[in-house]
Amino acid sequence: MNAEVRNDWTRQEISAIYHMPVLELIHRAGQVHRQFHDSQEVQVCTLLSIKTGGCPEDCAYCPQAARYHTDVEVEKLLPTQQVLQAAVAAKEAGSTRFCMGAAWREVRDNRDFDKVLEMVKGVCDLGMEVCCTLGMLTSEQAEKLKEAGLYAYNHNIDTSEDHYSEIITTRTYGDRLDTLENVRDAKISVCSGGIIGLGESEQDRIGMLHTLSNLPEHPESVPVNALVPVPGTPLEDQEKVSIWEMVRMIATARIIMPKAMVRLSAGRVRMNTEEQALCFLAGANSIFAGDKLLTTPNPDVATDQELFQRLDLKPRPAYKIPNSEIQELK
Ligand code: SAM
Ligand code: DTB
Ligand code: SF4
């Protein structure tokens with residue numbers, strides 16, 4: 001049975017997939033995965049926080065929100081040279097995508113933005129896929145980033161529209177979707193996903209997947225994060241999500257958005273090799289590498305090298321055209 005790309009999934013269909021017997025779900029996701037991707041290939045991405053802490057937003061999960069008392073110290077925008085050095089080191093360690101994150105509510109047209117444009121140019125010149133996550137963007141700002149060589153923009157919808165106001169009150173779901181549209185219109189690759197473990201229901205998870213899979217075009221990249229509970233944030237005491245919930249989320253995303261890169265993102269420090277293998281079987285084909293995500297710990301490079309060796313995985317080259325499109329070109 002060949003899967004096709006659809007943008008008209010109903011909640012009922014997504015719910016039926018999400019609730020399939022878990023081994024059947026993994027099997028089906030594995031079939032779809034192999035139709036569209038090389039199942040031995042996993043993209044390795046590196047994150048760098050270029051502007052840490054002091055954010056005016058109130059995202060309940062986030063250690064960088066100024067209003068919560070966490071151990072994160074507020075820093076200014078990093079110097080361009082330091083960012084480019086980090087990108088070179090990431091490339092040498094096998095990363096093909098470099099994502100720069102800033103604890104901003106939105107981009108402002110000031111000198112910091114000009115510096116970010118310089119960073120984007122520099123990373124692009126290294127032959128890496130360059131990605132940014134800087135908060136809300138206008139269409140003009142998205143175009144400037146595109147001109148500077150930006151390949152992808154990360155902007156997560158995080159949870160369902162219904163649950164959104166329980167997690168963030170300082171902006172709306174609609175604001176998030178507007179930025180995604182501005183990014184898409186500027187012909188920048190879209191990276192958008194969410195977090196599980198925020199106290200949401202299964203219906204909320206299905207709602208989030210419904211929103212993503214019914215966008216006019218699916219995001220090329222869908223990060224699935226497990227909450228990293230950080231002391232001082234309102235969600236510090238949230239229980240760890242079970243691996244089976246992560247697997248169901250990844251597998252459902254893989255089936256309904258078959259061409260997307262599904263990124264096993266935050267939360268890997270609390271998963272062993274076997275658990276991560278289940279996520280790859282369920283269709284995840286990308287990870288963030290390096291001992292820090294933005295501010296929280298992540299497995300170190302040596303640990304991930306062992307993971308790749310153990311599971312016979314190989315890192316995916318930059319700017320690779322998906323198998324499905326190669327077939328279309330033939
Ligand atoms: N400020 C920008 C924004 O919110 O779009 C960019 C940086 S923000 C830290 C990027 C994403 O990181 C958030 O949308 C959220 O999905 C994820 N994130 C933040 N804190 C997290 C946590 N404690 N656990 C899991 N994911 C988290
Ligand atoms: C995404 O979905 N996950 C990454 C990336 N996009 C920017 C960020 C995870 C951040 C986890 C919390 C931290 O390290 O501060
Ligand atoms: Fe700010 Fe982004 Fe953290 Fe929200 S997730 S508080 S917008 S840095």
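Here, the structure is the one placed above.
Criteria and thresholds
- Residues numbered from 1 in each chain as written.
- Chains lettered and ligands numbered in written order.
- Predicted model: local features only at pLDDT ≥ 70, side-chain atom pairs only at ≥ 80, totals over all residues.
- Heavy atoms only, no water.
- Phe/Tyr/Trp six-rings, centres within 6.5 Å; stacked < 30°, edge-to-face > 60°.
- Buried < 20%, exposed > 50% of the residue type's maximum accessible area, 1.4 Å probe, protein only.
- Lys NZ or Arg CZ within 6 Å of the ring centre and 35° of its normal.
- Core = buried A, V, L, I, M, F, W, Y, C linked by side-chain atoms within 4.5 Å.
- Helix = DSSP H or I, 4+ residues; strand = E, 2+ residues; numbered from the N terminus.
- Contact = heavy atoms within 4.5 Å.
- Polar contact = N/O pair within 3.5 Å; in protein donor to acceptor, adjacent residues only side chain to side chain.
- Expected span 1.5 Å × (residues − 1).
- Near = heavy atom within 4 Å.
- 1 Å grid on protein atoms, 1.4 Å probe; cavity = no way out; pocket = protein on both sides within 12 Å on 5 of 7 lines; lining within 4 Å.
- Sits in = over half its atoms within 2 Å of the grid points.
- Nonpolar A, V, L, I, M, F, W, Y, C, P; charged D, E, K, R; others polar.
- Salt bridge = Lys/Arg side-chain N within 4 Å of Asp/Glu carboxyl O.
- Areas by Shrake-Rupley, 256 points an atom, 1.4 Å probe, with all protein chains shown as cover.

The next point concerns the packing of aromatic side chains. The full count for this structure, using the stated rule, is 1 aromatic pair. Aromatic side chains Tyr-164 and Tyr-173 sit 5.1 Å apart centroid to centroid with 70 degrees between the ring planes, which places their arrangement in the edge-to-face category. Residue Tyr-164 shares its accessibility class with Tyr-173, and that shared class is buried. The ring of Trp-9 has Arg-6 lying over it, and the distance from NZ or CZ to the ring centre is 4.0 Å.

Our focus in this paragraph is the nonpolar core. Core analysis: the biggest nonpolar cluster contains 94 residues, and Ile-50, Tyr-61, Met-100, Leu-134, Leu-145 and Met-246 have the highest contact counts within it. When residues in this core are grouped by element, the largest group, 9 residues, is from helix H9 (residues 243-256). If we ignore the near neighbours within four places in the chain, the residues touching Met-246 are Ile-196, Val-224, Asn-225, Ala-226, Leu-264, Ala-266, Met-271 and Cys-279. In this structure, Cys-45, Leu-47, Cys-99 and Cys-131 belong to the second largest nonpolar core, which totals 8 residues.

This part takes up the environment of Lys-314. Mapped onto the elements, Lys-314 comes out in strand S10 (residues 314-315). A residue is classified by how much of its surface remains accessible, and Lys-314, at 36% relative accessible area, is partly exposed. Residues Lys-314 and Glu-4, spaced 310 residues apart in sequence, show a C-alpha to C-alpha distance of 26 Å. With sequence-adjacent residues up to four places away left out, Lys-314 is seen in contact with Asp-38, Gln-40, Glu-41, Val-42 and Phe-308. One polar contact links Lys-314 to Asp-38, side chain to side chain, over a distance of 3.2 Å.

Structurally, the position occupied by Pro-223 is in strand S7 (residues 221-226). Filtering out sequence-adjacent residues up to four positions away, Pro-223 remains in contact with Asn-154, Asn-156, Cys-191, Ser-192, Gly-193, Gly-194, Arg-263 and Ser-265.

The next point concerns helix H7 (residues 173-185). Taking 1.5 Å per residue as the helical rise, H7 with its 13 residues ought to reach 18 Å, and the 19 Å between its terminal C-alpha atoms agrees with that figure. If you check which residues of H7 are buried, you get Tyr-173, Arg-176, Thr-179, Leu-180, Asn-182, Val-183 and Arg-184. Lining the buried residues of H7 we find helix H5 (139-148), strand S4 (152-154), helix H6 (161-167), strand S5 (189-191) and helix H8 (202-213). Positive backbone phi, at 65 degrees, marks Lys-187, one or two positions downstream of H7.

Our next topic: the site of ligand 1. Near ligand 1 there are 17 residues, and of these Thr-133, Asn-156, Asp-158, Arg-176 and Val-228 occur at the shortest range. With respect to ligand 1, the backbone of Trp-104 contributes an N or O atom lying 3.2 Å from a nitrogen atom. More than half of the atoms of ligand 1 fall within 2 Å of the grid points belonging to the largest cavity. Here the residues of the shell around ligand 1 sort into 10 nonpolar, 5 polar and 2 charged.

Here we take up the pattern of salt bridges. The tally for this structure, following the rule as stated, stands at 13 salt bridges. For Arg-205, the salt bridge is made with Glu-200, and the minimal N-O distance between the two is 2.9 Å. Of the two residues, Arg-205 and Glu-200, both sit in the buried class. A salt bridge links Asp-304 to Arg-268; its shortest N-O distance comes to 2.9 Å. With Asp-304 in helix H11 (residues 301-310) and Arg-268 in the loop between strand S8 (261-264) and helix H10 (273-281), the pair connects residues that are 36 residues apart, well separated along the chain. Since its relative accessible area comes to 1%, Arg-268 is described here as buried. The structure contains a network of salt bridges with shared partners spanning Glu-57, Arg-105, Glu-106, Arg-108 and Arg-171.

Let's shift gears to the site of ligand 2. The environment of ligand 2 is formed by Leu-47, Pro-63, Thr-133, Asn-154, Asn-156, Pro-223, Asn-225, Phe-288, Leu-293, Leu-294, Thr-295 and Thr-296. Here an oxygen atom of ligand 2 sits 2.6 Å away from a polar atom, N or O, in the side chain of Thr-295. Protein contacts shield 88% of the accessible area of ligand 2, which totals 400 Å² for the unbound molecule. The site holding ligand 2 turns out to be the largest cavity. Of the residues that constitute the shell around ligand 2, the class distribution is 6 nonpolar, 6 polar and no charged.

What follows covers the side chain of Thr-133. With respect to the element layout, Thr-133 can be found in strand S3 (residues 129-133). Contact partners of Thr-133, with chain neighbours within four places excluded, come to Cys-99, Met-100, Gly-101, Ala-102, Tyr-153 and Asn-154.

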